[in-house]
Amino acid sequence: MTIAVGLLQHDFVKRCILSRFMHSSYTLSEIAELQESEPPGGPKKAVTQSLIRKVANRLELSPGRCSILVTASAMVAIFAGGVAAAAGLKPAQVSRITLDSGTRYQTIDSWDVYPRYWEHDKVNNRFDNSYAGHTDDISRYLVNEVGINGARVEIWSGLENPTDNWSLFFSGKRTYEEDKPYRFLKINDNDDPFSANPSGFQVSKFDHRVKTMVLPLKRAMEANGERLRVNVNYVDFAYKAKPSSLSHAENPEEYAEIILFYFNRLREEFGIVPDSLEIVLEPENTDDWRGREIGRAIIAVKARLKSAGFDPEIVAPSTAFMPSAPEYFDQMTEVPGAIDALDTFAYHRYGTTSVAYVKQILERAKRHGLKTAMLEKVGADIDQLLEDLIVGQVSSWQQWALAGLAEWDDKGAFYLSVDMRDQTNPRITMARNTYHLTQVFRHVRAGAVRIGAESDHADRTPVAFINSNGSWAVIVRAKGTGGPVTIEKLPTARYRLRYISEENEIEEWPPAIVTADGPLEFELPGPGTISIVTDK
């Protein structure tokens, strides 16, 4: 057995520890008093921190001798069946998690972000460009500390317009409110959808977003020897938009024209070949886009892109509301060839959500041999991520945008928060929900395959992956209480353990060694999320 400490499985080591503990001035009655002072059903964090202060300092165990982990969590695990029993305490129930590498589920593509900062200053009714000089530093933080490896690049329908409306907003000639009606104002470049007039498509907004927000992410990924996955996403919202004389939804060849124009722009100007095309963002928020229109657009754009040498994965229907997703998907199936050209069934998590809807989405995807993806939910947290991974079997997942200002209310819209009071040296931190997401994002990389992981405890949700380099990543979520955990069927290796509490306090535990056929055992200090990752 392995108790998160390599050699502590040997009886003589346990006896040695117990002997030294018993000869310390920290008595069994004091342990009992500590345990009894814990609120019913409350976290054990205070107890374990006290144990590490009062016990571990007296043990003076050699890290080399015991192979690591002189932490309170290990001490609680060691004494759970011995010292605690002698003090008349009932040991906590051990939760058992069993891994099964023979059971394989989805392959992971990306953890995505919409590259957007705080440029839309609604309070001061203006464009705020103060982020521009800091996007490399912020992007490195997002890639290295959070684990993001995919970006949504948006094509706004109003970019097909002979007037560069965005530059008027950027330069301060229009306010934020004045700019709103022009974002999705579409004016046809000409009457031929197979011959684009470059002067009828605007590039200033598109290029600014790619240069200042997407390329820094790409550079950060490449510095780590990885590649940024790019998902192009067409947006055609109706909210406060001026009436347009052109409908891309009703004219699929015109839709194919605008998509090809910006695909070529990405390839020729920035050296980016998109990995996927998300047909339309949140069709419920548009005037014309419904399931059949999405299906017809898929047929047209797939052929147009292929003729130009592009072969992106096709993603749809990307509904805002989860209950709408099956309805829109079923309408898409009525268009001959549309589902055959589709690669990923995508959905968002707004409105009414339930496991039942996630199951409906997965059932349709499986029936047609498709991947699934949850590609937006402001406020999404680790529990929703795990539900989408386990129940929905998603290959990609996204909360929403990149970074907001520290003085804004943290509503879970941005992965990062940036304090710009010192504009020469901004302070970058994670937003509230991001901390726990990193337990998955940082350790489960593109190409990882999810494997079987079962728990016998209702409050222990496990998810496990094998990365393409052979490393393992196991994440265990506890929402209610802490307690002892046993993980079975981990391969022989050295593992890093990283625990994050509900208060977003991060504990980097010393590595643990798992020997042949031996389980890994550790103590969760309280509710939180722990990652167990091969230490390569």
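Computed from a predicted model, the values in this text were never measured in an experiment.

Cut-offs used in this document
- Residues numbered from 1 in each chain as written.
- Predicted model: local features only at pLDDT ≥ 70, side-chain atom pairs only at ≥ 80, totals over all residues.
- Heavy atoms only, no water.
- 1 Å grid on protein atoms, 1.4 Å probe; cavity = no way out; pocket = protein on both sides within 12 Å on 5 of 7 lines; lining within 4 Å.
- Points joined across faces, edges and corners; volume = space filled by probe spheres on them.
- Helix = DSSP H or I, 4+ residues; strand = E, 2+ residues; numbered from the N terminus.
- Nonpolar A, V, L, I, M, F, W, Y, C, P; charged D, E, K, R; others polar.
- Polar contact = N/O pair within 3.5 Å; in protein donor to acceptor, adjacent residues only side chain to side chain.
- Contact = heavy atoms within 4.5 Å.
- Pairing = 2+ DSSP bridges.
- Right-handed = clockwise from strand over helix to strand, strands pointing away.
- Axes fitted to C-alpha atoms, helices over the stretch in contact; angles between N-to-C directions.
- Phe/Tyr/Trp six-rings, centres within 6.5 Å; stacked < 30°, edge-to-face > 60°.
- Buried < 20%, exposed > 50% of the residue type's maximum accessible area, 1.4 Å probe, protein only.
- Lys NZ or Arg CZ within 6 Å of the ring centre and 35° of its normal.
- Parallel < 35°, antiparallel > 145°, perpendicular 65-115°, else oblique.
- Left-handed = near helix turned anticlockwise from the far one by under 90°.
- pLDDT = per-residue confidence, 0-100.
- Salt bridge = Lys/Arg side-chain N within 4 Å of Asp/Glu carboxyl O.

**Student:** So what about the layout of surface pockets? Which residues, and what values?
**Tutor:** The computed volume of the largest pocket comes to approximately 1300 Å³. Those elements giving two or more residues to the lining of the largest pocket turn out to be strand E3 (120-121), strand E5 (150-156), helix H10 (204-223), strand E11 (394-405) and strand E12 (414-419). The residue inventory of the lining of the largest pocket, partitioned by class, reads 21 nonpolar, six polar and 18 charged.

**Student:** Lay out the side chain of Arg229 in plain terms, naming residues and giving numbers.
**Tutor:** Looking at the secondary structure, you find Arg229 in strand E6 (residues 229-235). A distance of 3.2 Å separates polar atoms of two side chains, one belonging to Arg229 and the other to Glu313. The residues contacting Arg229, other than those within four sequence positions of it, are Asp109, Ser110, Asn149, Gly150, Ala151, Asp275, Ser276, Glu313 and Lys371.

**Student:** Describe in detail the pairing of strand E10 (residues 371-374), supporting the description with residues and values.
**Tutor:** Pairing of strand E9 (residues 344-350) with E10 involves four bridges; the strand directions are parallel. Paired with Thr344 across the bridge in E10 is Lys371. Crossover connection from E9 via helix H15 (residues 355-367) to parallel E10: handedness right-handed. With three bridges joining them, E10 and E11 adopt parallel strand pairing. Opposite Met374, over in E11, you have Trp397 as the bridge partner.

**Student:** Please give an account of the sheet that holds strand E20 (residues 520-524) that cites residues and values.
**Tutor:** If you trace the nine strands from one edge of the open sheet to the other, you get E19-E18-E21-E16-E15-E14-E1-E17-E20, paired in mixed fashion. Among the strands making up the open sheet, the edge pair consists of strand E19 (506-514) and E20. In this sheet, neighbouring strand axes are inclined to one another by 25° on average, regardless of whether the strands run parallel or antiparallel. Sheet strands in contact with helix H16 (residues 382-390) are strand E1 (95-107), strand E14 (449-455), strand E15 (461-466), strand E16 (472-478) and strand E21 (528-534), and its direction is about 60° off that of E15. Running over the sheet, helix H17 (residues 434-441) touches E16, strand E18 (493-501), E19 and E21 and is turned about 165° from E18.

**Student:** Now, about the environment of Phe170: what can you tell me, with residues and values included?
**Tutor:** Tracing the backbone shows Phe170 in helix H8 (residues 165-170). Distance from Phe170 to Arg126, taken between C-alpha atoms, is 8.2 Å for residues 44 residues apart in sequence. Not counting residues within four places of it along the chain, the set of residues in contact with Phe170 comprises Phe127, Asn129 and His208.

**Student:** For the packing of aromatic side chains, give the residues involved together with the corresponding values.
**Tutor:** Two numbers describe a pair of aromatic rings. These are the distance of the centres and the angle of the planes. Scanning the entire structure with this criterion turns up 26 aromatic pairs. An angle of 75° between the planes, with centres 5.7 Å apart, marks the rings of Tyr117 and Trp118 as edge-to-face. Taken individually, Tyr117 and Trp118 each receive the classification buried, so the pair is uniform in this respect. Taking the centre distance of 6.1 Å and the plane angle of 90° together, the rings of Trp118 and Tyr131 count as edge-to-face. Within this pair, whereas Trp118 is found in the loop between strand E2 (110-114) and E3, its partner Tyr131 is found in the loop between strand E4 (126-127) and helix H7 (135-146), the two being separated by 13 residues in sequence. With respect to class, Trp118 is no different from Tyr131; both count as buried. Within the aromatic cluster, the residues linked to one another by ring pairs are Phe127, Trp166, Phe169, Phe170 and Tyr176. Above the plane of the ring of Tyr114 lies Arg152, whose end atom (NZ or CZ) is 5.3 Å from the centre. For Arg450, the ring lying beneath its charged end belongs to Tyr105, and the centroid distance is 3.9 Å.

**Student:** Got a sec to walk through the packing of helix H11 (residues 252-270) against helix H12 (residues 291-307)? Specific residues and values, please.
**Tutor:** Two numbers describe how H11 lies on H12: the axes approach to 8 Å, and their chain directions differ by 45°. Taken together, the axis directions place H11 and H12 in an arrangement best described as oblique. When you trace H11 past H12, the crossing you get is right-handed. Of the residues in H12, those in contact with Pro252, Glu253, Tyr255, Ala256, Glu257, Ile259, Leu260 and Phe263 of H11 are Arg296, Ala297, Ala300, Val301, Arg304 and Leu305. Of the residues assigned to the contact of H11 with H12, the class counts are 10 nonpolar, no polar and four charged.

**Student:** An account of the confidence of the model for the chain is needed here, citing residue identities and associated values.
**Tutor:** Caution is warranted with low-pLDDT regions, since their predicted coordinates should not be read in detail. Counting all residues, the mean pLDDT for the chain is 87, and 83% of those residues have values of 70 or more. Long-range and interchain partners of residues 1-90, a stretch whose pLDDT sits below 50, account for 136 contacts in this model, where long-range means more than four residues apart.

**Student:** Hey, could you go over unusual backbone geometry for me, with residue numbers and the actual values?
**Tutor:** Backbone torsion omega between Ala316 and Pro317 reads 0°, so that peptide bond is classified as cis. Position of Pro317 among the secondary structure elements: in strand E8 (residues 313-321). Look at Lys240: it is not a glycine, yet its phi comes out positive at around 60°. Checked against the element boundaries, Lys240 lands in the loop between E6 and H11.

**Student:** Could you give an account of the pattern of salt bridges, with specific residues and numbers?
**Tutor:** A complete count under the given rule lists 38 salt bridges for this structure. Measuring nitrogen to oxygen at the nearest pair gives 2.8 Å for the salt bridge that ties Arg292 to Glu334. Placement of Arg292 in helix H12 and of Glu334 in the loop between helix H13 (324-332) and helix H14 (338-341) is noted, with a sequence separation of 42 residues between them. Given the relative accessible area of 35%, Arg292 is considered partly exposed. Between Arg477 and Glu502 there is a salt bridge, with the nearest N and O atoms lying 2.7 Å from each other. Here Arg477, found in strand E16, pairs with Glu502, found in the loop between E18 and E19; they are 25 residues apart in sequence, far enough to count as distant. One network of salt bridges, with partners in common, ties together Asp109, Arg229, Glu313 and Lys371.

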